[in-house]
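A look at the structure
As a plain string of letters, each chain reads:
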Amino acid sequence: MAVNRTETTPLLFLERAQHVYAERIGAVYGARRFTYAEIGERARRLAAALQRAGIQRGDRVAALLPNVPAMLEAHFGVALMGGVLVAINTRLKGAEVAYILEHSGARLLLADAELAQGLTLPPNVETVVTVDDPEFAPGVAHTFDGPEYEAFIDVPPADLPWRVPSEDDMYSINYTSGTTGRPKGVMFTHRGAYLNALAEIIGNRLETSSVFLWTLPMFHCNGWCFPWAVTGAGARHALLRKVDPSLVWQLVREEGVTHLNGAPTVLIMLINDAAAPKGRLERPLRVATGGAPPSPTLLGQWEAVGAELTHIYGLTETYGPHTYCDWHPEWNAEPAERRAVLRARQGVANLVACELRVVDQDMHDVPTDAATMGEVIMRGNNVMAGYFNDPEATATAFRGGWFHSGDVAVMHPDGYIELRDRAKDIIISGGENISTIEVEQAIASHPDVLEVAVIAVPDEKWGEVPKAFVVPKVGHTLTAAQIVAHVRERLAHFKCPKTVEFGELPKTSTGKVQKFVLREREWGGKVKRVN
């Protein structure tokens, strides 16, 4: 072993925490409290139990779990014995779960008792360990034969090193949402996970006094690497089975929450709930948001209650956050509306990501004029190792030596990027490019609008035109004419929605609006142009 080198792995974070912060409460879940010494021991017991079950180094272990203690422990215990964690989206249908289990080749499944109801498993899954949740999901019947989690890990802890043979080994596989076909398995390495977790600690200013509330699913890009980051900081995990706004605000008060993460749709739900604070919060609250561009209106609402929002951007293929909208102290002197506009930008590559460009079709950098649109491409320490068992898709994503995001953005003169759309979402109306994000933000600035999505719909004269899908705030009524008039005051008339529909928006499990569902409904048998 080299004197001047240690292979990087998130396991080092828990090894350190269980000693340095042994008696510190590392996780809370309802009435349960776990010190870091206990978390470390439980992770080692899980590792031992997996070995007893016949799991070998490199085998995949799937987890269909909410943000419960077993899910946090799986983020360390599986890798400790050399396995590869496959955290599965808890809101997928049974057939979708079965596909991921089969494609990943998982031999063992850790499954929440409630979520396991009705599952049909592929033959490669040899063992199902059921995780009961008596406090928040009591009395659920077990679907499969096999041990319950607490009995399963009731073994002596494994005496395994918190070291790995190679930092380039797989740590986990995270499956994409599969909105344009079958989901792809994104391979995370020990090195990439370790480095991106460090970036989260620094960028979000996590420290030992921090309390992180798990409003973000851990199945989503391994919780944006925060299971490892919070542990590395010696901070406290406040685990949450599901996002209940009244419970969230209760925990913010009672547990002293200092940090939480979520997609804009989650933040919309929280800040507009009856339990939301009417004035400024008692203590600082740092919120990271990503997954879709938040509107300046939403950012302003959170700033009004005293929260500090950091806008992040990335993909499953970049371990979650690749960019941060790093905040300059002098921007605090700007008017509130200007601050919200600045925070809405996706920003610059984080400290470990390093490389970020916006390019044209020939991979030439676009002008830094905040107007010329191009594709966002990335390269660096937190780009995936590739797609599991899919070399063709990997080669396509990595063409030209960069990862191609498929997102369209502009580059500002100060080097900050700002998303304009997914490539497939840009509206070309009469030869003019229209950013759906720009139109959405104009509509979201209306005081009676809760959520909005804009897509292209077919038009005989212009080819395609914008259509808005609007969710009014509870107790408020709106008309299409009011929405159009509001947008006309802010944007060129050709960018205004030609039609407006009111109702709920289809969403993914992580809160992203499923525009493809809206498009399929609107375009029917017609062919939608895709850039």
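Refer to the preceding data block for the structure.
This text gives an overview of the structure that appears in the document. (Residues numbered from 1 in each chain as written. Predicted model: local features only at pLDDT ≥ 70, side-chain atom pairs only at ≥ 80, totals over all residues. Heavy atoms only, no water.)

Helix and strand content of the chain: 16 helices and 24 strands. At 23 Å, the chain has a C-alpha radius of gyration in line with the 24 Å of a compact globule built from 531 residues. By principal-axis analysis of the C-alpha atoms, the chain measures approximately 70 × 50 × 50 Å. Expressed as a percentage of the 531 residues in the chain, the buried residues total 57%. If you take every contact in the chain between residues at least 6 apart in sequence, the share linking residues at least 24 apart comes to 68%. When the accessible surface of the chain is split by element, carbon and sulfur atoms take 51% of a total near 21,800 Å². (Helix = DSSP H or I, 4+ residues; strand = E, 2+ residues; numbered from the N terminus. Rg over C-alpha atoms; globule rule 2.2 N^0.38 Å. Buried < 20%, exposed > 50% of the residue type's maximum accessible area, 1.4 Å probe, protein only. Contact = heavy atoms within 4.5 Å. Areas by Shrake-Rupley, 256 points an atom, 1.4 Å probe, with all protein chains shown as cover.)

A few words now on the nonpolar core. Core analysis: the biggest nonpolar cluster contains 92 residues, and L50, L110 and V376 have the highest contact counts within it. Beyond its immediate sequence surroundings of up to four residues, V376 is in contact with Y313, L356, R357, V358, F403, H404, S405, G406, D407, A409, I417 and L419. If you look at the next biggest cluster of nonpolar residues, it comprises 26 residues, including V252, L270, I271 and A307. (Core = buried A, V, L, I, M, F, W, Y, C linked by side-chain atoms within 4.5 Å.)

The strands making up a sheet are joined through hydrogen bonds of the backbone, oriented either antiparallel or parallel. Judged by pairing direction, the sheet is antiparallel, and its four strands sit side by side in the order 16-17-18-19 without closing on themselves. In this open sheet, the two edge strands, each paired with only one partner strand, are strand 16 (355–359) and strand 19 (417–422). On average, each strand axis in the sheet is tilted by 45 degrees relative to the strand beside it, whichever way the strands run. (Pairing = 2+ DSSP bridges. Axes fitted to C-alpha atoms, helices over the stretch in contact; angles between N-to-C directions.)

On to the environment of I173, then. Within the secondary structure layout, I173 lies in strand 7 (residues 170–175). When near neighbours in sequence (up to four residues on either side) are disregarded, I173 contacts R60, V84, L85, V86, A87, G185, V186, M187 and F388.

The next point concerns the side chain of D425. Tracing the backbone shows D425 in the loop between strand 19 and strand 20 (427–429). Side chain to side chain, D425 and R519 meet in a polar contact 2.4 Å long. Leaving out residues up to four positions away in the same chain, D425 has contacts with T436, K515 and R519. (Polar contact = N/O pair within 3.5 Å; in protein donor to acceptor, adjacent residues only side chain to side chain.)

Time to look at the environment of L239. Mapped onto the secondary structure, L239 falls in the loop between strand 10 (236–238) and helix 9 (245–254). For the pair L239 and A27, spaced 212 residues apart in sequence, the C-alpha separation works out to 7.0 Å. Every residue in contact with L239, bar those within four places of it in the chain, is listed here: A27, V28, Y29, N67, V68, P69, W214 and M218.

Attention shifts here to the sheet that holds strand 11 (residues 259–262). Spatially, nine strands are ordered 2-1-10-9-11-12-13-14-15 in an open sheet, and the strand pairing comes out mixed. For this open sheet the edge positions go to strand 2 (32–35) and strand 15 (348–349), each flanked by a neighbour on one side alone. Bridge count for strand 9 (residues 211–213) against strand 11 is two bridges, and the pairing is parallel. Of the residues in strand 11, the one forming a bridge with F212 is H259.

Let us look at the pattern of salt bridges. For the coordinates displayed, the defined rule picks out 31 salt bridges. A salt bridge links D414 to R345; the shortest N-O distance between them is 3.0 Å. Taken as a pair, D414 in the loop between strand 18 (403–411) and strand 19 and R345 in the loop between helix 12 (336–343) and strand 15 lie far apart in primary sequence, 69 residues in all. Among the residues examined, D414 registers a relative accessible area of 41% and is labelled partly exposed. Its relative accessible area of 5% is what places R345 among the buried residues. A single network of salt bridges, built from pairs that share partners, joins R5, E7, E167 and R191. (Salt bridge = Lys/Arg side-chain N within 4 Å of Asp/Glu carboxyl O.)

Our focus in this paragraph is helix 9. All of the buried residues in helix 9 are P245, V248, W249, L251 and V252. In an axial view of helix 9, the angular spread of the buried residues amounts to 160 degrees, which keeps them on one side of the axis. Residues R253 and E254 are exposed on helix 9 and point more than 90 degrees away from its buried face. Considering only its buried residues, helix 9 is in contact with strand 9, helix 10 (264–271) and helix 11 (296–304). (Arc of directions from axis to C-beta.)

One can expect most non-glycine residues to show negative phi and most peptide bonds to be in trans. One non-glycine residue, C221, lies in positive phi territory at about 55 degrees. Summarising the element assignment, C221 is placed in helix 7 (residues 221–224). Note on C221: relative accessible area 3%, which makes it buried. One non-glycine residue, A370, lies in positive phi territory at about 60 degrees. Considering the arrangement of structural elements, one finds A370 in the loop between strand 16 and strand 17 (374–379). Classification of A370 by relative accessible area gives partly exposed; the value is 23%.

In this section: the packing of helix 11 against helix 12. Contact geometry of helix 11 with helix 12 gives a least axis separation of 8 Å together with a crossing angle of 115 degrees. Once helix 11 is placed against helix 12, the crossing between them reads as right-handed. On helix 12, the residues that touch P296, L299, G300 and E303 of helix 11 are A336, R339, A340, V341 and R343. Residues of the contact of helix 11 with helix 12, tallied by class, amount to five nonpolar, one polar and three charged. (Left-handed = near helix turned anticlockwise from the far one by under 90°. Nonpolar A, V, L, I, M, F, W, Y, C, P; charged D, E, K, R; others polar.)

With respect to the element layout, R521 can be found in helix 16 (residues 515–523). When sequence neighbours within four positions are dropped, the list of residues in contact with R521 reads F469 and E501.

Along strand 4 (residues 84–87), one buried face is formed by V84 and V86 and the opposite face, lined by L85 and A87, is buried too. Where the polypeptide runs from strand 3 (residues 60–64) across helix 3 (residues 69–80) and back to strand 4, its parallel neighbour, the crossover connection is right-handed. Of the pairings in the sheet, the one linking strand 4 to strand 7 comprises two bridges and is parallel in character. Bridging from a neighbouring strand, L85 pairs with S172 of strand 7. (Right-handed = clockwise from strand over helix to strand, strands pointing away.)

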